[in-house]
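Listed below, chain by chain, are the residues.
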Amino acid sequence: MIARVIVTPKPVVNDPQGITVRQGLATLGFREVSDVRVGKYIEVSLDAATEHEARQRVEAMCDQLLANHVIEDFRFEIVPDGRKSR
Amino acid sequence: MKFGVVVFPGTWSDRDCGWVIDQVLGAELQYLWHKDADLKGCDCVILPGGFAYGDYLRTGAIARFAPVMEKIGEFADRGGLVWGICNGFQVLCEAGLLPGALIRNASLEFRCQWTNLMVERTDLPFTSQCAEREVIHVPISHGEGSYFADPATLSRLEQRGQVVFRYCDPDGRVTTASNPNGSLHNIAGIVNARGNVLGMMPHPERCAEAELGGTDGLKLFRSVTAKVVKVLAS
């Protein structure tokens, strides 16, 4: 299975990258953009018997390493690994 | 008096710290490799600046898994002196030895410049040689030094007097203009509740000799030496 993890700065954390990208978009004429937040995307391939088990493991990975709970939020989805024939 | 200087792959300020300890201060120096599971009898352990493990994922995120970090955690629990400078501060936050986190500078720029710091605690082993509310002149050199903590943590730090250094102007006024990175409350350095673990973004090891533009950093190294010698003598 593959976990697609998205880590974003918490709403209360100042995100200068996001602000700068928003300004860049405005310069290009994308006036409709009100806010941009820049985070990161992490793909984790893992072996798990069930999706439930995979969810529990990935949740623990995010808590312990992939995200810093002081400054970041995370969310993820579990999808089948298309590269493996099962 | 023996200082330990931790070297992770990617650390870059270890030799600068070592020079000050060994050549300027004349104290005993021991480099501690990240794979060492022994602090070799050091009285104070310094986590220097740099980019430990390339700062992959987040600054300091991977360094906390190094074998030496487990020993440093135990050492801190016993009241040992641990001093994180720049990347070392980031590592201490990631390791949970200090609260909060260091995020990207508000300017998005890597800032390498002199700053003025208000010394708010002089009763600590790291600052006893500073005068009360002294303004010291110490350079910074970082891209991710903006201190962040949630409001509850921040107010707890303030109430307990855990903010040790604050960016200020030359007259000691804590202003927005004197804040080089967007740190909340102009925080440049904090200490744990017990007072034995210090984290700071500015580099005292880079201003310990007059040839380098100032010697205020040496006061911090001398404070540690004075403290440890006093403890050993008692």
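On a predicted model such as this, the values are computed, not experimentally measured, just so you know.

Take the overall build of chain B next. For chain B, the helix and strand inventory stands at 5 helices and 11 strands. Taken against the 2.2 N^0.38 rule, which gives 17 Å for 234 residues, the C-alpha radius of gyration of chain B at 16 Å falls within 12% of a compact globule. Structurally, chain B occupies a C-alpha span of about 45 × 40 × 35 Å along its principal axes. For chain B, contacts bridging at least 24 residues in sequence account for 75% of all contacts bridging at least 6.

Take the interface of chain B and chain A next. Between chain B and chain A, the contact holds 11 residues from the first and 9 residues from the second. Taken together, the residues of the side of chain B that touches chain A sort by class into 7 nonpolar, 2 polar and 2 charged.

Attention now moves to the pairing of strand E7 (residues 135–142) of chain B. All names here are of chain B. Residues Ile136, Val138, Ile140 and His142 point to one face of E7 and are all buried, whereas Val135, His137, Pro139 and Ser141, pointing to the other face, are not buried. Relative to E7, strand E6 (residues 111–119) runs antiparallel, the two sharing 8 bridges. Bridge pairing links methionine 118 to valine 135 in E7.

Glancing now at the packing of helix H1 (residues 14–25) of chain B against helix H5 (residues 216–233) of chain B. All names here are of chain B. Interhelical geometry of H1 versus H5 gives an angle of 75° and a closest axis separation of 11 Å. Compared by their axis directions, H1 and H5 come out roughly perpendicular. For the pair H1 and H5, contact is made by Val20, Ile21, Val24 and Leu25 and by Leu218, Phe221 and Thr225, respectively. Class assignment of the residues belonging to the contact of H1 with H5 gives a composition of 6 nonpolar, 1 polar and no charged.

On to the nonpolar core. Within the largest apolar cluster, 73 residues are counted, with the highest numbers of intra-cluster contacts made by Val6, Val45, Ile46, Val82, Leu92 and Leu117 of chain B. Leaving out residues up to four positions away in the same chain, leucine 92 of chain B has contacts with Leu47, Gly84, Leu97, Leu98, Val197 and Gly199 of chain B. Formed by 11 residues, the second largest nonpolar core is a distinct cluster that contains Val7, Val58, Ala67 and Ile78 of chain A.

Let us look at the sheet that holds strand E2 (residues 40–45) of chain A. Residues and elements named next belong to chain A. Here 3 strands make up an open sheet; going across it, the order is E2-E1-E3 and the pairing antiparallel. Edge positions in the sheet fall to E2 and strand E3 (72–79), since each has one partner strand and no second. Pairs of neighbouring strands in the sheet enclose a mean axial angle of 20°, with direction left out of account.

On to the pairing of strand E2 (residues 28–33) of chain B, then. Residues and elements named next belong to chain B. Pairing geometry for strand E1 (residues 2–7) and E2, over 6 bridges, is parallel. The residue of E2 that forms the bridge with phenylalanine 3 is leucine 29. Following the backbone out of E1, through H1 and into the adjacent parallel E2, one traces a crossover that is right-handed.

Okay, H1 of chain B next. With 12 residues, H1 of chain B should reach 16 Å at 1.5 Å per residue; the first-to-last C-alpha distance of 15 Å fits that figure. With its phi angle positive at about 75°, glycine 26 of chain B sits one or two positions after the end of H1 of chain B.

Calculation criteria
Residues numbered from 1 in each chain as written. Chains lettered and ligands numbered in written order. Predicted model: local features only at pLDDT ≥ 70, side-chain atom pairs only at ≥ 80, totals over all residues. Helix = DSSP H or I, 4+ residues; strand = E, 2+ residues; numbered from the N terminus. Rg over C-alpha atoms; globule rule 2.2 N^0.38 Å. Contact = placed C-beta atoms within 7 Å. Nonpolar A, V, L, I, M, F, W, Y, C, P; charged D, E, K, R; others polar. Buried ≥ 20, exposed ≤ 12 C-beta atoms within 10 Å, placed from the backbone. Pairing = 2+ DSSP bridges. Axes fitted to C-alpha atoms, helices over the stretch in contact; angles between N-to-C directions. Parallel < 35°, antiparallel > 145°, perpendicular 65-115°, else oblique. Core = buried A, V, L, I, M, F, W, Y, C linked by C-beta atoms within 7 Å. Right-handed = clockwise from strand over helix to strand, strands pointing away. Expected span 1.5 Å × (residues − 1).

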